[in-house]
Amino acid sequence: MQALELAQITLDYGRRRVLYDLSLHVTTNQVVVVTGSNGSGKSTLLRVIAGLQRPTVGAVWCIADGVRYPPLQMRHAIGWMAPDLMLYRELTGHENLRFFADVRGVSISDVAIADLLAEVGLAGRGGDLLATYSSGMTHRLRYAYALLHQPALLLLDEPSVMLDTSGHDLLARVVARQRQHGMTLIATNDERERRFADVLVSLEVAV
Amino acid sequence: MIDPLLWRATRAIFLRELRSELRNRQALNAVTLFAICSVVTVSLGLGPLMPSADVALVHAAFLWVILLFAAFTALSRVFVVEEEQRTAAALRLAAPPIAVYLGKLCFNLVVLLGLTVLVTVLAIVMLHIRVGAWDLLVGMLLSGALALVAGTTLVAAIIARSSSRGALFAVLSLPILIPMLVTAVRGTALALAGVSLARGMAPIQTLLAYAVAMFVASLFLFATVWE
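Bear in mind that the values here come from a model prediction, so they are computed numbers and not experimental data.

Give me the lowdown on the overall build of chain A, citing residues and values where you can.
Summing up its helical and strand segments, chain A has six helices and nine strands in all. For 207 residues, the compact-globule estimate of 2.2 N^0.38 gives 17 Å, and chain A sits close to it at 17 Å. By its C-alpha atoms, chain A is 45 × 35 × 30 Å across when sized along the principal axes. For chain A, with 207 residues in total, the buried portion stands at 44%.

Can you lay out the nonpolar core for me, pointing to particular residues and giving the numbers?
The nonpolar side chains of a soluble globular protein tend to be buried, and buried together. Trp80, Tyr145 and Leu155 of chain A are the most contacted members of the largest nonpolar core, which totals 132 residues. A total of 15 residues in this core trace back to one element, the largest contributor, which is helix α7 (residues 134-159) of chain B. Non-local contacts of Trp80 of chain A, meaning those with residues more than four positions away in its chain, are made with Leu46, Ala50, Leu85, Ala146 and Leu155 of chain A together with Leu93 of chain B.

I'd like a rundown of the sheet that holds strand β3 (residues 31-36) of chain A, residues and numbers included.
Residue and element names in this part refer to chain A. Read across the sheet, five strands follow the order β6-β7-β8-β3-β9 without closing on themselves; strand pairing throughout is parallel. Edge positions in the sheet fall to β6 (78-81) and β9 (199-203), since each has one partner strand and no second. Ignoring which end each strand starts from, the neighbouring axes of this sheet average 15 degrees apart. Two elements, β3 and β9, share five bridges in a ladder whose sense is parallel. Among the inter-strand pairings, Val33 is bridged to a residue of β9, identified as Leu200. Contacts between helix α5 (residues 165-181) and the sheet are confined to β3, β7 (153-157) and β8 (183-187), with β8 contributing the most and set at about 145 degrees to the helix.

Go over the sheet that holds strand β2 (residues 16-27) of chain A with me, naming the residues and quoting the values.
Residue and element names in this part refer to chain A. If you trace the four strands from one edge of the open sheet to the other, you get β2-β1-β4-β5, paired in antiparallel fashion. Here the strands that pair on one side only, and so sit at the sheet edges, are β2 and β5 (67-69). Neighbouring strand axes in the sheet, compared pairwise and without regard to direction, differ in orientation by 25 degrees on average. Here strand β1 (residues 3-13) runs beside strand β4 (residues 57-64); their pairing, made up of six bridges, is antiparallel. Looking at the pairing, Glu5 lines up with Trp61 of β4. The strands touched by helix α1 (residues 42-50) within the sheet are β1, β2 and β4, with β1 carrying the most contacts at an inclination of about 125 degrees.

Give a description of helix α2 (residues 26-46) of chain B that names residues and reports values.
Residues and elements named next belong to chain B. Relative to the 30 Å expected for 21 residues at 1.5 Å per residue, α2 spans 30 Å between its end C-alpha atoms, a close match to the ideal helical length. Every buried residue of α2 is listed here: Ala27, Val31, Ala35 and Val39. The arc enclosing the buried residues of α2, seen along the axis, measures out at 75 degrees, which places them on a common side. Structural note: α2 exposes Asn29, Leu33, Cys37, Val40, Thr41, Leu44 and Gly45 on the side pointing more than 90 degrees away from its buried face. Residues of α2 that are buried make contact with α1 (4-24), α3 (55-74), α4 (77-84) and α6 (97-126). A positive backbone phi angle near 70 degrees is found at Gly47, which sits one or two residues after α2.

How would you explain the interface of chain B and chain A if you had to name every residue and give the values?
Taken together, the 21 residues of chain B in the interface contact 21 residues of chain A. Counting residues per element, the side of chain B that touches chain A draws most heavily on α1 of chain B, at ten residues. Grouping the constituent residues of the side of chain B that touches chain A by class yields ten nonpolar, four polar and seven charged.

Rules behind the numbers
Residues numbered from 1 in each chain as written. Chains lettered and ligands numbered in written order. Predicted model: local features only at pLDDT ≥ 70, side-chain atom pairs only at ≥ 80, totals over all residues. Helix = DSSP H or I, 4+ residues; strand = E, 2+ residues; numbered from the N terminus. Rg over C-alpha atoms; globule rule 2.2 N^0.38 Å. Buried ≥ 20, exposed ≤ 12 C-beta atoms within 10 Å, placed from the backbone. Core = buried A, V, L, I, M, F, W, Y, C linked by C-beta atoms within 7 Å. Contact = placed C-beta atoms within 7 Å. Pairing = 2+ DSSP bridges. Axes fitted to C-alpha atoms, helices over the stretch in contact; angles between N-to-C directions. Expected span 1.5 Å × (residues − 1). Arc of directions from axis to C-beta. Nonpolar A, V, L, I, M, F, W, Y, C, P; charged D, E, K, R; others polar.

Interpretation note: all reported values are geometric properties and have no functional meaning in isolation.
Structure representation (structure tokens):
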């Protein structure tokens with residue numbers, strides 16, 4: 001996937017308008033930071049781009065080799081993480097990643113999974129059940145879930161919430177690496193994360 | 001020929017369901033207790049029935065009613081738990097919809113087959129049921145379980161996101177299941193009465209045809225329901 005296009009996205013929850021007439025074009029190597037107050041639709045926008053929610057009006061297109069695809073057909077190229085993304089509590093961290101690699105059709109060795117866990121700060125904890133993880137550790141595993149298949153489009157919703165200082169370093173590393181080969185969209189209000197932006201999108205609460 | 005990636009994803013989903021269930025045993029415990037309580041209660045209340053022309057039909061109806069309600073308890077869980085624990089989004093984003101359907105269908109089939117063996121053995125022992133044709137009985141139970149799972153797995157996906165899941169599952173499933181239940185009861189009664197496999201093949205064929213029809217329809221509809 002080389003580009004992402006949002007064409008006049010409007011989304012209503014019943015009578016409440018969350019997103020209104022939003023258009024955006026993102027290309028490889030770009031980092032887009034979406035800001036806005038609580039309820040302005042940042043997380044909803046990322047869910048729409050991931051194909052987890054349909055817009056009321058407008059369309060999202062993933063562009064690969066000059067052809068436009070809906071997100072549903074490009075999920076193999078999309079990585080999404082959010083505070084409300086839940087993985088399987090009765091599986092270990094390693095088993096979660098093995099499971100999602102298998103369902104995605106990603107060939108990855110156990111050693112590579114262990115390396116990924118170490119990269120997100122969970123070295124030596126891959127054999128523990130997710131139910132025993134702290135909220136910060138769970139959030140780190142969400143990074144591993146999103147990065148597992150090396151997506152061309154990485155969607156990060158509140159990426160540093162629940163993380164300690166080393167978690168901010170992790171985010172900086174992830175964004176820097178993603179910038180080399182893909183696109184990144186970050187939904188945040190954290191001042192430190194705004195600095196990653198090549199494009200800044202500010203959402204206001206629609207009336 | 002099945003796509004290797006689809007097969008791998010289906011297998012992973014089936015094994016994940018199995019592993020999760022073996023670790024928390026929520027569905028297994030609930031269904032097993034329900035099945036044991038039902039059989040014991042009826043056996044204590046009724047006692048052994050006197051031989052008559054209708055006794056095979058009564059026993060067969062009793063067997064399938066228990067299996068039906070145990071299925072209502074167990075089979076919707078595969079999708080309901082994904083929504084309750086909010087893991088559905090992660091799965092939606094990662095797995096092909098068909099693999100999700102096939103993996104959960106296989107898991108439901110394993111659960112129902114285990115349940116069928118448990119309920120049947122308990123019923124035979126506690127109600128002193130005489131089985132006239134074992135081969136036909138096994139054929140009926142296998143094809144009936146297949147039809148029950150094929151008929152309910154898609155409905156489980158439909159109701160998973162609604163608020164009153166339990167009631168809705170029964171309400172939506174029952175009209176779909178009535179034809180197969182009637183066939184299963186009558187076929188099982190033939191097996192208990194001792195009709196030979198060759199003469200009792202019609203209900204098995206009907207149940208298998210029903211299962212195939214529901215399976216194919218579910219394959220077409222599941223992606224729309226799941227997404």
